[in-house]
Amino acid sequence: MKRIIVITSAVLLLAPNLAKAAEESMVVRLGDLNIATEPGAQSALRRIRLAADRFCGGDGDRSMRVQMAVRACRGEMVDKAVAQLDAPSVTALHRGESTIQLARR
């Protein structure tokens, strides 16, 4: 199964080295993963976070304003990608929940 997440964002960061076009896309390829498994979901979330890091940039700039904008951009892009993927196991990991269900008595 081919799974590719494409997130288009209207994020425009104000620092010169972070300026993005009014609309730009972040692409994450997940077709080789079984996201129904814990390891697959972890790999998917890791790829999404890495793609957001690359998309939002800002690693070299130390100003507080830029760092806050980059952090907001990364959070927004990860949230959008996880929502678009709509995979319960990845969503649970993103929210910090365990995907392991224990039986109750």
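The structure this text deals with has already been given above.
Attention here is on the structure that accompanies the text. Residue numbers run consecutively from 1 along every chain, following the written order of its sequence. Residues qualify for local features only when their pLDDT is at least 70, as the model is predicted, and side-chain atom pairs are given and counted only at 80 or more; totals for whole chains, interfaces and linings, by contrast, use all residues. Calculated side-chain values reflect all of the structure's heavy atoms, with hydrogen atoms and water omitted.

Some points on the packing of helix α1 (residues 38-56) against helix α2 (residues 64-85)
Under the convention used in this document: Between N-to-C directions, angles cover 0 to 180 degrees, with each direction set by a line fitted to C-alpha atoms, over the stretch in contact for helices. Helix and strand assignments follow DSSP, with helices taken as H or I runs no shorter than four residues and strands as E runs no shorter than two, numbered in order from the N terminus. Just so you know how the angles are binned, under 35 degrees is roughly parallel, over 145 roughly antiparallel, 65 to 115 roughly perpendicular, and the rest oblique. Crossing chirality is assigned from the near helix's rotation relative to the far helix, an anticlockwise turn below a right angle marking it left-handed and a clockwise turn marking it right-handed. Here, residues are in contact when the closest pair of their heavy atoms is within 4.5 Å. Amino acids outside the nonpolar list (Ala, Val, Leu, Ile, Met, Phe, Trp, Tyr, Cys, Pro) and the charged list (Asp, Glu, Lys, Arg) are all regarded as polar, and Gly is one of them.
The contact between α1 and α2 brings their axes to 9 Å, and the two run at 140°. When the axes of α1 and α2 are compared, the pair comes out oblique. Handedness of the α1/α2 crossing: right-handed. Taken together, the residues of α2 that come into contact with α1 (itself represented by L45, I48, R49, A52, D53, F55 and C56) are V70, C73, R74, M77, V78, A81, V82 and L85. Classifying every residue of the contact of α1 with α2 by side-chain character gives twelve nonpolar, no polar and three charged.

Remarks on α2
Here is the rule we go by: Here, expected helix span is obtained from the residue count minus one, scaled by 1.5 Å. Relative accessibility decides the category of a residue: with a 1.4 Å probe and only protein chains considered, values under 20% of the type maximum give buried, values over 50% give exposed, and everything between is partly exposed. Comment: arc refers to directions from the helix axis out to C-beta atoms.
The terminal C-alpha atoms of α2 lie 32 Å apart, and with 22 residues this matches the ideal 32 Å at 1.5 Å per residue to within 8%. Residues of α2 that are buried: V66, V70, C73, M77, V78, A81, V82 and L85. Projected onto a plane normal to the axis of α2, the buried residues spread over an arc of 155° and lie on a single side. Across α2 from its buried face, at more than 90 degrees, point the exposed residues M64, R65, M68, R71 and A83. In the stretch just after α2, D86 is the one whose phi turns positive, near 55°.

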